[in-house]
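Chain residues, written in single-letter form:
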Amino acid sequence: MANGQANGQWYPPEWPDRIRALAAGTLTPVTPKRAATVMLLKDTGSGTGATGSGSGTAVHMLRRRTSMAFAGGAYAYPGGGVDPRDDDRAVGWAGPTRAWWADRLGVDEAGAQAIVCAAVRETYEEAGVLLAGPTGDSVVGDTTGADWEADRAALVDRELSFAEFLDRRGLVLRSDLLGAWARWITPEFESRRYDTWFFVAALPEGQRTRNASTEADRTVWITPADATAGYDKGELLMMPPTVATLRGLAGCATAAEALASAPGRDMSPVLARARLVEGEIVLSWPGHEEFTKHVPSTAPSPTTPTDPSGGAPE
């Protein structure tokens, strides 16, 4: 619904004041940081451990700790910011060329490498899943040993660049295992802004996810249909990009189908717009009318949906 908090749309109470300040010219937008996030998929079936009912594709999601300053309590995908070191050092690479990725992502070749590296690195850092292999047609198996964990921790602490990690392990990044899905830019009135590229990838055979993120208190495999149903009921808190990408995934019966459809996805960036109409704030995301909100000048602070699961880690 456009009015009120009828669903699980993440909406910070400070937004109205910041929107008015932006309209008045007293708020200067911060430059968004480049980021990448990955919708890790697996086909459901008996014994998969996916939450919900029915068959199809399940997506790996994490819930951000409620103490987080940005989107605390919201469900999201593994992801994070670009490491600037990945712009200027060649990494072991397999799959489409950097030039191909530059055209697909709408950036230069160095930027394309950094964004793809961020997608693969963050998936490893936060989910323990690595989209890389010793050759261009292979992928690593079990990554749960103590030596792997030491390298993962070094990546998280930025003691080790992703290029150095790949070199040390004798691995090449498998860019062909990724599909570019969408691009969203945090609104200009937000204090923490990101220019985020969303990717899809299938869980490699032999690997398994785990909650390796210090920013998450829960992880779950869930079908996109069940995740969006939880959002629609106000039970699961999510940001508009998360909901929009889930709705897009809902039409894919398998992970392979999602990857096959990725090249045809529109990668034009989505940026929220806010305007004042007789004191009322109208907040909208072009092309995604379901997220439009009308905020009266005296609107109460939005409430945070509860999670009926109780938040037990999975």
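Novice: How should the overall build of the chain be read in this particular structure?
Specialist: Scanning the chain from terminus to terminus reveals 8 helices and 14 strands. Within the span of the chain, comprising 314 residues, buried residues form 51% of the whole. Accessible area of the chain: about 13400 Å², with a carbon and sulfur share of 50%.

Novice: Please explain the packing of helix α6 (residues 224-232) against helix α7 (residues 240-249) as it appears in this structure.
Specialist: How two helices pack is summed up by the angle between their axes together with the distance between the axes. Axis separation between α6 and α7 bottoms out at 8 Å; the angle between their running directions is 140°. Overall, the two elements α6 and α7 adopt an arrangement that is oblique. The element α6 and its partner α7 pack so that their crossing is left-handed. Counted together, P224, A227, T228, Y231 and D232 of α6 and V243, L246, R247 and L249 of α7 form the full contact between these two elements. Counted by class, the contact of α6 with α7 contains 6 nonpolar, 1 polar and 2 charged residues.

Novice: Just checking my understanding: could you explain the sheet that holds strand β14 (residues 293-295) for this structure?
Specialist: Sheet strands pair via backbone hydrogen bonds, and the direction of the pair is either parallel or antiparallel. Pairing within the open sheet is antiparallel, and its 3 strands lie in the order β12-β13-β14. Because the sheet does not close on itself, it has two edges, and the strands there are β12 (273-277) and β14. Pairs of neighbouring strands in the sheet enclose a mean axial angle of 20°, with direction left out of account. In this structure, strand β13 (residues 280-284) lies alongside β14, joined through 3 bridges in antiparallel fashion.

Novice: Would you take a moment to explain the confidence of the model for the chain for this structure?
Specialist: When pLDDT is low, close inspection of the predicted coordinates is not appropriate. Across the chain, the average pLDDT comes to 85, with 84% of residues at or above 70. Averaged pLDDT values over the elements of the chain bottom out at 84 in strand β10 (residues 216-222) and peak at 98 in strand β8 (residues 179-185). Within the model, pLDDT remains below 50 along residues 299-314, and this stretch shows 31 contacts once partners closer than five positions in the same chain are excluded.

Novice: Explain the sheet that holds strand β5 (residues 93-94) here, please?
Specialist: Here 3 strands make up an open sheet; going across it, the order is β5-β7-β6 and the pairing mixed. The open sheet has two free edges, formed respectively by β5 and β6 (132-133), since each of these has just one partner strand. Of the strand pairs in this sheet, β5 and strand β7 (residues 172-174) are connected by 2 bridges, and their pairing is parallel. Considered in β7, the bridge of A94 is made with R174.

Novice: Please clarify how the packing of aromatic side chains should be interpreted in this entry.
Specialist: Each aromatic ring pair is summarised here by two numbers: the centre-to-centre distance and the angle between the ring planes. The tally for this structure, following the rule as stated, stands at 10 aromatic pairs. Pairwise contacts between aromatic rings join Y124, W148, F162 and F165 into one cluster. If you follow R169 out to its NZ or CZ, it ends over the ring of W148, 3.8 Å from the centre.

Novice: Just to check I follow, could you spell out the pattern of salt bridges for this structure?
Specialist: For the structure on display, the rule yields 13 salt bridges. D151 is paired through a salt bridge with R168; the nearest N and O atoms lie 2.8 Å apart. Separated by 17 residues along the polypeptide, D151 in helix α4 (residues 146-156) and R168 in helix α5 (residues 162-169) bring together distant segments of the chain. Judged by relative accessible area, which is 6%, D151 ranks as buried. With a closest N to O distance of 3.0 Å, R169 and D151 form a salt bridge. Within this pair, whereas R169 is found in helix α5, its partner D151 is found in helix α4, the two being separated by 18 residues in sequence. Salt bridges here are not isolated pairs; linked through shared partners, they connect R121, E122, E125 and R158.

Rules of the game
Residue indices begin from 1 for each chain and proceed along its sequence in written order. Only residues with pLDDT of at least 70 are given local features in this predicted model, and only at 80 or more are side-chain atom pairs given and counted; all residues enter the totals for whole chains, interfaces and linings. Hydrogens and water molecules were not included; the side-chain quantities draw on all heavy atoms of the structure. Each helix is a run of H or I in the DSSP string that is no shorter than four residues. Each strand is a run of E no shorter than two, and both are numbered from the N terminus. Throughout this description, buried means an accessible area under 20% of the type-specific maximum (1.4 Å probe, protein chains only), exposed means over 50%, and partly exposed covers the range between. Where accessible areas are quoted, they stem from the Shrake-Rupley method and a 1.4 Å probe; at the residue level, only the protein chains shown are allowed to cover. All axes here are fitted lines through C-alpha atoms, helices being fitted over the stretch that makes contact, and every angle between N-to-C directions spans 0 to 180 degrees. Oblique is the label for any angle not under 35 degrees, not over 145, and not in the 65 to 115 range, which are roughly parallel, roughly antiparallel and roughly perpendicular in turn. By convention, the crossing between two helices is left-handed when the near helix turns anticlockwise from the far helix through less than a right angle, and right-handed when the turn is clockwise. The contact definition used throughout considers only heavy atoms, calling two residues in contact when any of these lie within 4.5 Å. Here the term charged refers only to Asp, Glu, Lys and Arg, the term nonpolar to Ala, Val, Leu, Ile, Met, Phe, Trp, Tyr, Cys and Pro, and the term polar to all other amino acids, Gly among them. Two strands make a pair as long as DSSP finds a minimum of two bridges between them. The pLDDT value expresses, per residue, how confident the predictor is, ranging between 0 and 100. Note on ring pairs: Phe, Tyr and Trp rings are taken, using the six-membered ring of Trp, and paired if centres are within 6.5 Å. Classes follow the plane angle, with under 30 degrees stacked, over 60 edge-to-face and the rest tilted. Placement of a positive charge over a ring is assigned whenever Lys NZ or Arg CZ falls within 6 Å of the ring centre and within 35 degrees of the normal to the ring plane. A pair is scored as a salt bridge if a Lys or Arg side-chain nitrogen falls within 4 Å of a carboxyl oxygen belonging to Asp or Glu.

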